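Here's the letter readout for the chains.
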Amino acid sequence: MRARELGIPLNGEPGPWNAITDVPGIEVGYVTLCEGDDVRTGVTALLPRGRDGVGMPCAAGLHSFNGNGEMTGTAWIEESGSLAVPVLITNTYAVGPVHRGVVEWVRANRRDMAPEWLLPVVTETWDGHLNDIHGSAVESRHAAAAIEAAASGPVEEGCVGGGTGMRCYGFKGGSGTASRVVEYGEDRYTVGAFVQANFGARRELVVAGVPVGRELPDGPGPGAEPDGERQVPPGAGSVIVVVATDAPLLPGQCEALARRATLGLARTGTTGSHFSGDIFLAFSTANEGALTSTFPEDDGSAPYESMRFVPWGWMDPFYGAVVESVEEAVLNVLTGAHAMTGRAGHHVPALPLDQVSALLTARGAVT
């Protein structure tokens, strides 16, 4: 179930699907790979303007809360302030084939977009506890399949796509999303968040202000390896956050939204492990046609572009929407994921929803 179905009190008004796809035009697609005993992985594709809009830039900004991870294409986003390609999320060692898969998909479907070069955005979290991360399960074709599977509407959560083999706060993690509606004068905009959650030590977990992680059974810690492998420190793993909005924003304002993802994660308890790659990307789908970066024509023309944007002093409601949607997206990961056994018999339990509900009720957080 989702966090709201569990009765967890959450602030703010969500969109119709309470998902990043509430932002018009955004599509999400998955390829989930669960094969034999050792393959627990996959690929997630987020398309800012859908398949038909690949190549049309969005204003974009980045924030690295802790850089023990990878997101390709970031130098160009920082240089140009724009994002014009799909965002793909997978496991750490699958960045290469997924990167190649995006190039192949664009060449096959949007040859006009980048006949000379392309800088895909591919990012990752580590699933080596449940998945044979050194294997070759993820291939370039899976990136193309995830892009082709992308759709609007409700978004599946938990053990799907790139989040298939992930852990969060010592329980089964994965993919999750949420959204908030922001009223701005007579306009209503949406802020949506998507997370691939693979972070946090069990003792840190906080739900609705209640430190439930301290009171839940310990079980095997998130770094325990039953077959004598070197233990991974509790809290290691990484989290990727993608924030989207249809509000008209400048690239610097998108970067400011990305920074606020840190606060949404903090509400769930994390202190930010040194061994976690916590990298956040935010973009705005407004101002279509601006921030282009095509070759100049040798025709004597000297064009200009213009952008409409929310004044900086009016940004606070959008910051709040990011914090709330990121917090809820993480909780939706935990409440939506099921227990999983994978590589070398490693088992990761699901968050015990009945015990969490009892703890929240005892503390007065749920009535």
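In this text the structure is predicted, and so the values were computed from the model without any measurement.

### Remarks on the pairing of strand 10 (residues 187–197)
For strand 10, a buried count of nine out of eleven residues is recorded, marking the element as mostly surrounded by other parts of the structure. Note: strand 9 (residues 174–184) against strand 10, eleven bridges, orientation antiparallel. Within strand 10, the residue paired with T177 across the bridge is F194. Taking the residues that link successive antiparallel strands as the turn, the strand 9-strand 10 hairpin has two residues, and the phi of G185 there is positive, at about 60°.

### Let's talk about unusual backbone geometry
Although it is not a glycine, N18 sits at a positive phi angle of roughly 50°. The residue N18 is located in the segment before strand 1 (27–35) in this model. One non-glycine residue, A208, adopts positive backbone phi at about 55°. Tracing the sequence through the fold places A208 in the loop between strand 10 and strand 11 (239–245). We classify A208 as partly exposed; its relative accessible area is 24%.

### Brief notes about the sheet that holds strand 9
Strand order in the open sheet formed by six strands is 4-3-12-11-10-9, with mixed pairing between adjacent strands. Pairing within the sheet leaves two strands with one partner each, and these edge strands are strand 4 (82–83) and strand 9. Lying over the sheet, helix 4 (residues 251–267) contacts strand 3 (58–67), strand 11 and strand 12 (277–284), oriented at roughly 40° with respect to strand 3. Against the sheet, helix 5 (residues 316–336) touches strand 9, strand 10 and strand 11, its axis set at about 155° to strand 9.

### What to know about the packing of helix 2 (residues 95–109) against helix 3 (residues 140–149)
Closest axis-to-axis distance for the helix 2/helix 3 pair is 7 Å, and the angle between their directions is 55°. The orientation of helix 2 with respect to helix 3, classified from their angle, is oblique. Note on packing geometry: the crossing formed by helix 2 with helix 3 is right-handed. Of the residues in helix 3, those touching helix 2 at P97, V98, R100, G101, V102, E104, W105 and N109 are S140, A143, A144, I147 and E148.

### A short note on the pairing of strand 2 (residues 39–47)
In terms of burial, strand 2 is a largely internal element, nine of the nine residues being buried. Both faces of strand 2 are covered, namely the face carrying V39, T41, V43, A45 and L47 and the face carrying R40, G42, T44 and L46. The hairpin formed by strand 1 and strand 2 contains three residues between the paired strands, and G36 there has a positive phi angle of roughly 60°. Pairing analysis gives three bridges linking strand 2 to strand 5 (residues 87–91), with the strands arranged antiparallel. By the bridge assignment for strand 5, T44 is matched with I89.

Procedures and definitions
- Residues numbered from 1 in each chain as written.
- Predicted model: local features only at pLDDT ≥ 70, side-chain atom pairs only at ≥ 80, totals over all residues.
- Heavy atoms only, no water.
- Buried < 20%, exposed > 50% of the residue type's maximum accessible area, 1.4 Å probe, protein only.
- Helix = DSSP H or I, 4+ residues; strand = E, 2+ residues; numbered from the N terminus.
- Pairing = 2+ DSSP bridges.
- Contact = heavy atoms within 4.5 Å.
- Axes fitted to C-alpha atoms, helices over the stretch in contact; angles between N-to-C directions.
- Parallel < 35°, antiparallel > 145°, perpendicular 65-115°, else oblique.
- Left-handed = near helix turned anticlockwise from the far one by under 90°.

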